[in-house]
Amino acid sequence: MTSFNRSTSRRLKKLPQIPSVWEGDRRPLSSPNHYSDSEAKGECILWVDYSQGIVRGMDVVASDIGPEAIVRTLMQAMEHPQSPARPARPQRIVVKDREIQFYLRGVLQDLDIAIDYAPELPLIDELFRGFTDILDSQTPDLPPQYAQILREKAFAIWQAAPWEFLEEQQILSIEINKWDVGTLYASVMGMLGMEYGILFYRSEESLKQFRAAVLTDEESTEHLEEAFLKQDCLFLTFESSDETDEDEDEENDLADLPLSEIDPTFGNIHPLEGLRSVLYDEEALIIFVAIESLIRFIRDHRRQLHEDIFPLLSRRYRISLPQSEEATKSLPVTVSTMPQLAAELEEMAGFDVDDEESENLDSPNFQSLQDDLIPEDSFLSLGVVSWEMLEYLRKGVSYHSAGEIKQVGDGLPVILIQTSRPKAKTVIERIEAIGGLRAICFNPGADPFDGDRYDLGLLQTQNGELFLFGEFLDEDPIHVEARKKWNQRCKNTLGYCGLIIAKGLTGASRGNPQLRDMMALFEARSLSPKDLGIGTLQLMPQLKFE
């Protein structure tokens, strides 16, 4: 048994001994009927002076902490008690746990303190009853009878990941006609990889007003907060269960975390109530029905929802309600897409492109070199994907074919670009928006200021635009060797190659992305500098190759 060292015992014996009886105990922090599993799986240690009716020491510890914790709290009660008590040691201590009694007798044997047992501790019992009353009077985040099933449905939505193919303005209507709710308007958040969740607006007007308010003054934090609180909606959002990592790296993407590290949060926003992360019984049933019908709709129409044009779809479901006091056992619900509303919201946000500008971009003579497609901090490599792995990629990622590729050699030569998930999505969307990838080429470049010569990696899109993806010194032996292999592999495949866009730059797979990290494969043709026909590119004073 651990005991005080002699210097500690001498120090404690110097404290004045007062003719008081102290009660001590250690009990679970939550009451047996408490509904929350978030806070208190710990235990509370209390030391009180029964003679004076005051608390001298209190601490909260994890349930698996050993009996030393009760001694540490006792030392605080003696040497550094809570006000208005003064430092002292008691003549007598009473506990209601035989194990604690025997433990304290061994530890405190040199302090001349009597350690007794009593089946009841009146003052501590009264204090813990007060704690229990406070806990039981709190409103749970979710009604206890619906908490588990709502979390299950939330995780089902997370795994369905509607934000992979639905943008925020692509609204789905959910007609419920129950609990004073007619139709909810679901807006899916998460395509940008920033915030994940679903907003269920109670009216189309509220949705439009919020969008208009945000577009009015996007720079004003106060204005955005006011607009946010004026929404009228229920919500489901997701966040990391590890709060310590929130500010470490803004590029961290929630979608890269395992399911065990994801926490769903439910709540309500109303102009007169503000934001509350609590659902009451009817609200819990409403959001349950909305989520369940949304899950079914996504399951039935996933392929159509992936299409470039937001389709007009509608489906009716009968949703069985969880056990409740409701007389209704099931509910008919209709889920529909709203392409017209989506177009209206896109027009509000200015997503439409000017016709003249679009014509200029499509011009085959547009040959300027741009360097804003590939993020600067990306990991870049020239490599090869085996033919077997290529088949997995074609089935598992966003895939764009360039034709029938002859399987000769060790695989398809590829350029791999790894960045964060949000940036990867942006790169993929930009390439897709301008027709896809036509070719990958390496072209000579020169810096007239210091005489360096470069091998410039270029991507050519279907509209003829050129994008810089890498600058390699001609004298770099690693790149020279990689280029030799690249050229030979492209020769084997009769000029076919590929571009892989991957996520996970800030994760464990940085520099070595796995299959699960790969998000898109663009097959293309390999062009030589002669085929490209633009000559040696010169680095201009603006620090861009022209």
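Undergrad: Any chance you could explain the pattern of salt bridges here in plain terms?
TA: Opposite charge on two side chains permits pairing when their charged atoms draw close. Tallied over the entire structure, the rule returns 23 salt bridges. Notably, a salt bridge pairs Asp25 with Arg27, separated by 2.6 Å at the nearest N-O pair. For the salt bridge of Arg483 with Asp455, the shortest nitrogen-to-oxygen distance reads 2.4 Å. Of this pair, Arg483 sits in helix H13 (residues 477–492) while Asp455 is found in strand S19 (residues 453–461), placing the two residues 28 residues apart along the sequence. Each member of the pair, Arg483 as well as Asp455, carries the same accessibility label: buried. Residues joined by salt bridges that share partners form a network here, namely Asp25, Arg27 and Asp125.

Undergrad: What's the story with the nonpolar core in this structure? I'm lost.
TA: Among the nonpolar cores identified, the biggest contains 52 residues, and Ile157, Ile174, Phe200 and Phe238 are the most heavily contacted of them. Here this core gets 13 residues from one element, more than from any other, and that element is helix H8 (residues 281–305). Beyond its immediate chain neighbours, meaning those up to four positions away, Ile157 contacts Pro162, Trp163, Ile198, Leu236, Phe238, Ile291, Leu294, Ile295 and Ile298.

Undergrad: Quick question: what am I supposed to make of the pairing of strand S4 (residues 89–95) here?
TA: Both faces of the sheet carry side chains from a regular strand, because those side chains alternate between them. Within S4, five of the seven residues are buried, which leaves it mostly tucked inside the rest of the structure. The pairing of strand S1 (residues 17–28) with S4 spans five bridges and is parallel. If you follow Gln17 over to S4, its bridge partner there is Arg89. Inspection of the sheet shows S4 paired to strand S5 (residues 114–117) by four bridges, in the parallel sense. Paired with Val94 across the strands is Asp116, a residue of S5. Taken together, S4, helix H3 (residues 98–107) and S5 constitute a β-α-β crossover, and its handedness is right-handed.

Undergrad: It is not clear to me how the packing of aromatic side chains should be interpreted in this structure. Could you clarify?
TA: Using the criterion set out here, one finds eight aromatic pairs in the structure. Arranged with centres 5.2 Å apart and planes meeting at 70 degrees, the rings of Trp163 and Tyr196 form a pair that is edge-to-face. Separated by 33 residues along the polypeptide, Trp163 in the loop between helix H5 (144–160) and strand S6 (172–178) and Tyr196 in strand S8 (residues 196–201) bring together distant segments of the chain. The class for Trp163 is buried, based on a relative accessible area of 2%. Looking at Tyr196, the relative accessible area reads 1%, which means it is buried. Between Phe442 and Phe472, the ring centres sit 6.3 Å apart and the planes meet at 50 degrees, which makes this aromatic pair tilted. One end of the pair, Phe442, is in strand S18 (residues 437–446); the other, Phe472, is in strand S20 (residues 466–473), and 30 residues separate them in sequence. On the accessibility criterion, Phe442 (4% relative accessible area) is buried. Given the relative accessible area of 14%, Phe472 is considered buried. Here a set of aromatic residues connected by ring pairs shows up, and it is made of Trp158, Trp163, Tyr196 and Phe238. Here the basic side chain of Arg98 rests over the ring of Tyr117, its NZ or CZ set 3.7 Å away from the ring centre. Above the ring of Tyr496, the side-chain terminus of Arg525 is found at 4.2 Å from the ring centroid.

Undergrad: I keep staring at the confidence of the model for the chain and nothing clicks. Help me out?
TA: The predicted model of the chain averages 84 in pLDDT, with 86% of residues at 70 or higher. Per-element averaging of pLDDT across the chain places helix H10 (residues 355–362) at the bottom with 38 and S6 at the top with 95. When the criterion is pLDDT under 50, residues 244–251 qualifies, and its contacts beyond four places in sequence or with other chains add up to five contacts. Here residues 541–546 scores under 50 on pLDDT; set against residues more than four positions off or in separate chains, the count is 16 contacts.

The rules behind the values
- Residues numbered from 1 in each chain as written.
- Predicted model: local features only at pLDDT ≥ 70, side-chain atom pairs only at ≥ 80, totals over all residues.
- Heavy atoms only, no water.
- Salt bridge = Lys/Arg side-chain N within 4 Å of Asp/Glu carboxyl O.
- Helix = DSSP H or I, 4+ residues; strand = E, 2+ residues; numbered from the N terminus.
- Buried < 20%, exposed > 50% of the residue type's maximum accessible area, 1.4 Å probe, protein only.
- Core = buried A, V, L, I, M, F, W, Y, C linked by side-chain atoms within 4.5 Å.
- Contact = heavy atoms within 4.5 Å.
- Pairing = 2+ DSSP bridges.
- Right-handed = clockwise from strand over helix to strand, strands pointing away.
- Phe/Tyr/Trp six-rings, centres within 6.5 Å; stacked < 30°, edge-to-face > 60°.
- Lys NZ or Arg CZ within 6 Å of the ring centre and 35° of its normal.
- pLDDT = per-residue confidence, 0-100.

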